[in-house]
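Working through the structure, step by step
Here are the chains, one letter per residue:
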Amino acid sequence: MQGTPDISQLRHLLFGKDYDALLALKAQFENSATYSASVASVIAEALQHREAHDGGVSSVLAPTVERAMSHAISNDPKRFADVLYPVMGPAIRKSIQQALNEALENFNQLLEQSLSVRSWRWRFDAWRTGQSYAQIALLRTLVYQVEQVFLIHRDTGLLLQHVFSENVASKDPEIISGMLTAIQDFIKDSFATTGDDMLDTLRLGELTVLVEHGPLAVLAVVVRGTVPAELRAMLAETVENIHQQYHQQLQAYQGDTSTFNSLEPLLRDCLIKKQKQREKRPPWLAYLLLATIAGALGWWIYQYQQAQAALVHQRLQAEHAQQIALQTLGEQLTQQQSQHTKLQASLQTLLDQQTQQQQRSAQQLTADTAALTTLTQQIEAANYPFEKAKADVNPQHPALIALGKHISELLQTAQRLDKTPQIMIVGNADDSGNDTFNRELAQQRADNLRTALITSGVPAFVLVAYGAQYPGLPSHLQKNERSTHYRVSLY
Amino acid sequence: MIQQKICLLGSFSVGKTSLIRRYVDSLFTEKYLTTVGVKIDKKQLEFNGKTHSLMIWDIAGEDDFTSIRTAYLRGMSGYIIVIDPTRPHSYETALSIHEMVKTTVGELPAVFSLNKADLKPTWQLETPQHQHLQQMGHPIVETSAKQNIGVETMFLKLVEKLGGQHG
């Protein structure tokens, strides 16, 4: 590069200090450190300058910045979350709150639309007139609305530009603009006396057509509702504007409407509307419904709890009643048990008594039987000594008294043993005397004794009296003595 | 798109409204509507690769007692004069209308229509009258709204002349 020293010298002679500066500059560019330092000193200003010039920096940087950010986020999301946290939190809260408010508002609107008397009237009107509910609702809440704007070429009556608002049905605007012009001419021809008078307002029910005349173009607007005064002024301004901007084109108009397409925004500005200011009310209906739901829920919970409490109460009562019944039953059982015990005791007592009775009666029986035997022996051993050939009986005789007493005892004892005694009295005589007499004597003696015994109180049915010779008598009773013998029989 | 205003002129009951109805809606009505003022219809058609939107002004017929409102003629690009050859008087009216238009609006493309071609045997148009019409240098089209004869041609002839004018 340096060449030969001569050439170098020549260069110095030719360029002098400039050459050194050039070399220094070259060194600066070649050395990346110095170059970047020099660029760094101006890069911010350079970016600013370029951005102000044509905004090219943003579009160039955007992809790089996007890539850098996505890279950084995927590397360390938490850091970004931390950075964004103070911004995102309130934003999310605000957004949620807004969404809730909107939902409530919409809900209320829906309720109003479906519940309020007014909405039903509108629905009826819609049904009656065959229009949609939305149209009716719009018309009823409207103060005024500019529905259509026609820009009409004044000479030909041809439509230059036409705009109309949403929800408006626009029929063939070219024909309308022609007819408007024709009517204009018709009215002017028919009624106007001075040359410059123009038809500027048409009215049909709620519709008003305002016509603003310029020298080359006519602006006609269709307004529904009450036309405000300022609208007329606005139309005049618009017409003036149009004439200023498009004077040449309007004059040279030969049917090509595309020239006036750029007028659309200007005409669209005329499509203004004003709705009845609905006073901002709290959404009462929504609140009411929510309150009703909450109330119903509360009532239901209350009822449920009451029912539950009643159920528990009933159960408790039932349990109580069961306990009482159980107790009563227990008591009854105890009573019955005690009664049973008592009964058993009394039965035992009775049994004991019976045993005792049996024992006693057995004892009695034994005693009675023994007494009976004794008494029988005593009676059968008794003897009454008769005098010779006599049959008289002395009732006071101790032997007789004793006999009577024995017989009475025998009778009592035999009765206790459920037996009936019979005492056979057999009269005897000794063998002195003749037989006939003896026989009679023996009989007499027995009879007398029987009578004496009966007199002393012995029942007659117990005693039977026989003479010793009576046939069939046991022989041991037939004695050859002056006596009576006794034989006791028990039946 | 080129928008143009054309007018249909002629005596009473020569069939202007019927011709327009036939052209615009392709629907003929036997009921003759006496047009009192003006009625406007629209027809779009292609000519030489351009879309033409014709605003057709059906202007009430002229007779001895009423005259055409000249205000309606303002701004028109061309016109059609309809003649009912079964009534010779309509021919004279046509000529006077033609003169009137020339004086009030100026020389414009025009087409003459000899309507009621379905009743051609009863036409009373004399040969000299026919020749006179032809000498005026405007296209002459025989039309019948009832039988849909020449209606399209009539409008096309006019558009042709308009196109030539705007060339």
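Residues numbered from 1 in each chain as written. Chains lettered and ligands numbered in written order. Predicted model: local features only at pLDDT ≥ 70, side-chain atom pairs only at ≥ 80, totals over all residues. Heavy atoms only, no water.

The next subject is the overall build of chain B. The secondary structure content of chain B amounts to four helices and six strands. Residue burial in chain B is summarised as follows: out of 167 residues, 54% are buried. Restricting to contacts in chain B with at least 6 residues of sequence separation, those with at least 24 account for 70%. Total accessible area on chain B is roughly 7,300 Å²; 50% of this is exposed by carbon and sulfur atoms. (Helix = DSSP H or I, 4+ residues; strand = E, 2+ residues; numbered from the N terminus. Buried < 20%, exposed > 50% of the residue type's maximum accessible area, 1.4 Å probe, protein only. Contact = heavy atoms within 4.5 Å. Areas by Shrake-Rupley, 256 points an atom, 1.4 Å probe, with all protein chains shown as cover.)

Time to look at the packing of aromatic side chains. Given two aromatic rings, their pairing is described by the distance between the two centres and the angle made by the two planes. Tallied over the entire structure, the rule returns 10 aromatic pairs over all chains. Taking 5.1 Å as the distance between ring centres and 45 degrees as the angle between the ring planes, the aromatic pair formed by Phe29 of chain A and Tyr35 of chain A counts as tilted. Among the aromatic residues, those joined into a ring-pair cluster are Tyr246, Tyr253 and Phe260 of chain A. Its end group placed over the ring of Trp57 of chain B, Lys5 of chain B keeps NZ or CZ at 3.6 Å from the ring centre. (Phe/Tyr/Trp six-rings, centres within 6.5 Å; stacked < 30°, edge-to-face > 60°. Lys NZ or Arg CZ within 6 Å of the ring centre and 35° of its normal.)

A contiguous nonpolar surface patch, about 560 Å² in accessible area, is contributed by Leu84, Val87, Met88, Ile92, Ile96 and Leu100 of chain A. Within the secondary structure layout, Ile96 of chain A lies in helix α5 (residues 77-115). (Patch = residues over 30% accessible without salt bridge, like charges linked within 9 Å, V, L, I, M, F, W, Y side chains within 5 Å. Salt bridge = Lys/Arg side-chain N within 4 Å of Asp/Glu carboxyl O.)

Okay, the sheet that holds strand β8 (residues 463-467) of chain A next. The strands making up a sheet associate through backbone hydrogen bonding, with each pair oriented either parallel or antiparallel. Residue and element names in this part refer to chain A. Strand order in the open sheet formed by three strands is β8-β7-β9, and the pairing between neighbours is mixed. The strands lining the two open edges of the sheet, one partner per strand, are β8 and β9 (484-490). Going from strand to strand, the sheet's axes swing by 20 degrees on average, the running direction of each strand aside. Note that strand β7 (residues 421-427) and β8 share five bridges and pair parallel. Bridge pairing in β8 places Ile423 opposite Leu463. The strands touched by helix α13 (residues 435-455) are β7, β8 and β9; relative to β8, the strand with the most contacts, the crossing angle is about 165 degrees. (Pairing = 2+ DSSP bridges. Axes fitted to C-alpha atoms, helices over the stretch in contact; angles between N-to-C directions.)

Oppositely charged side chains may form a pair once their charged atoms are brought near each other. By the definition in use, this model includes 14 salt bridges over all chains. Of the charged contacts, one joins Asp84 of chain B and Lys116 of chain B as a salt bridge, the two residues approaching to 3.0 Å between their closest N and O atoms. Of this pair, Asp84 of chain B sits in the loop between β4 (78-83) and α2 (88-104) while Lys116 of chain B sits in the loop between β5 (110-114) and α3 (127-135); the two residues are 32 residues apart in sequence, bridging distant segments of the chain. Among the residues examined, Asp84 of chain B registers a relative accessible area of 1% and is labelled buried. Via salt bridges that share partners, Glu147, Glu206 and Arg224 of chain A belong to a single interconnected network.

Let us now look at the interface of chain B and chain A. With 18 residues of chain B at the contact, the number on the chain A side is 21 residues. For the pair chain B and chain A, the summed buried area comes to about 1,800 Å², and 54% of that belongs to carbon and sulfur atoms. At the junction of chain B with chain A, the criterion picks out three salt bridges. Across the chain B-chain A interface, the total number found is four residue pairs in polar contact (both at pLDDT 80 or more). Mapped by element, the contributors of at least two residues to the side of chain B that touches chain A are β1 (2-10), β2 (38-47) and β3 (50-59) of chain B. Considering each element in turn, the side of chain B that touches chain A owes the most residues, five residues, to β2 of chain B. A class-by-class count of the residues in the side of chain B that touches chain A yields eight nonpolar, four polar and six charged. (Buried area = accessible area lost by both parts, 1.4 Å probe. Polar contact = N/O pair within 3.5 Å; in protein donor to acceptor, adjacent residues only side chain to side chain. Nonpolar A, V, L, I, M, F, W, Y, C, P; charged D, E, K, R; others polar.)

Turning next to the UniProt feature "transmembrane region" (unreviewed entry) in chain A. Under the UniProt annotation, "transmembrane region" (unreviewed entry) lies at residues 284-302 of chain A. The span residues 284-302 of chain A shows a helical share of 100% and a strand share of 0%, and its end C-alpha atoms are spaced 26 Å apart. (UniProt positions renumbered as here; feature names shortened; annotations may be inferred.)

A word on unusual backbone geometry. Residue and element names in this part refer to chain B. One non-glycine residue, Asn48, adopts positive backbone phi at about 55 degrees. Considering the arrangement of structural elements, one finds Asn48 in the loop between β2 and β3. Although it is not a glycine, Lys116 sits at a positive phi angle of roughly 60 degrees. Residue classification places Lys116 among the partly exposed residues on the basis of a relative accessible area of 23%.

All names here are of chain A. Locating Arg224 in the fold gives a position in strand β5 (residues 217-225). Assessed through its relative accessible area of 19%, Arg224 is described here as buried. A distance of 2.6 Å separates the side chain of Arg224 from the side chain of Glu147, its partner in a polar contact. Apart from residues no more than four positions distant in its own chain, Arg224 is found in contact with Leu139, Val143, Tyr144, Gln145, Glu147, Glu206 and Leu207.

Residues and elements named next belong to chain B. Across the sheet, six strands lie side by side as β2-β3-β1-β4-β5-β6; this open sheet has mixed pairing. Since the sheet does not close on itself, it has two edges, and those belong to β2 and β6 (140-142), each with one partner. Each adjacent strand pair in this sheet contributes to an overall mean axis angle of 25 degrees, direction not counted. By the bridge criterion, three bridges tie β5 to β6 in an arrangement that is parallel. Pairing of Leu114 across the sheet is with Glu142, part of β6. Contacts from helix α1 (residues 16-24) reach β1, β2, β3, β4 and β5 within the one sheet, and its direction differs from that of β3 by about 150 degrees. Against the sheet, α3 contacts β4, β5 and β6, and its axis sits at roughly 160 degrees relative to β5.

Buried residues dominate β8 of chain A, accounting for four of its five residues. You can see the chain leave β7 of chain A, run along α13 of chain A and come back into β8 of chain A, and the turn it takes is right-handed. (Right-handed = clockwise from strand over helix to strand, strands pointing away.)

Let's shift gears to the confidence of the model for chain B. All names here are of chain B. Of the residues in chain B, 87% reach a pLDDT of 70 or more, and the chain-wide mean stands at 83. In the model, residues 26-36 has pLDDT below 50 throughout and makes 23 contacts with residues more than four positions away in sequence or in other chains. Both scores are given for the predicted complex: the pTM is 0.49, the ipTM 0.81. (pLDDT = per-residue confidence, 0-100.)

Turning next to the nonpolar core. Counting residues in each nonpolar core, the largest one holds 55 residues, and the members touching the most others are Val149 of chain A together with Leu9, Trp57, Ile59, Leu73 and Tyr79 of chain B. Ranked by size, the runner-up nonpolar core spans 26 residues in total, among them Phe386, Leu411, Ala465 and Val488 of chain A. (Core = buried A, V, L, I, M, F, W, Y, C linked by side-chain atoms within 4.5 Å.)

Turning next to the pairing of β4 of chain B. Residue and element names in this part refer to chain B. Of all six residues in β4, six are buried; the element is thus mostly enclosed. Across the two faces of β4 the burial is the same, with Gly78, Ile80 and Val82 and Tyr79, Ile81 and Ile83 all buried. As paired elements, β1 and β4 share five bridges and run parallel to each other. If you follow Leu9 over to β4, its bridge partner there is Ile81. Bridge count between β4 and β5: five bridges; the pairing is parallel. Looking at β5, one finds that Val82 is bridged to Ser113. A crossover connection joins β4 to the parallel β5 through α2; in handedness this β-α-β unit is right-handed.

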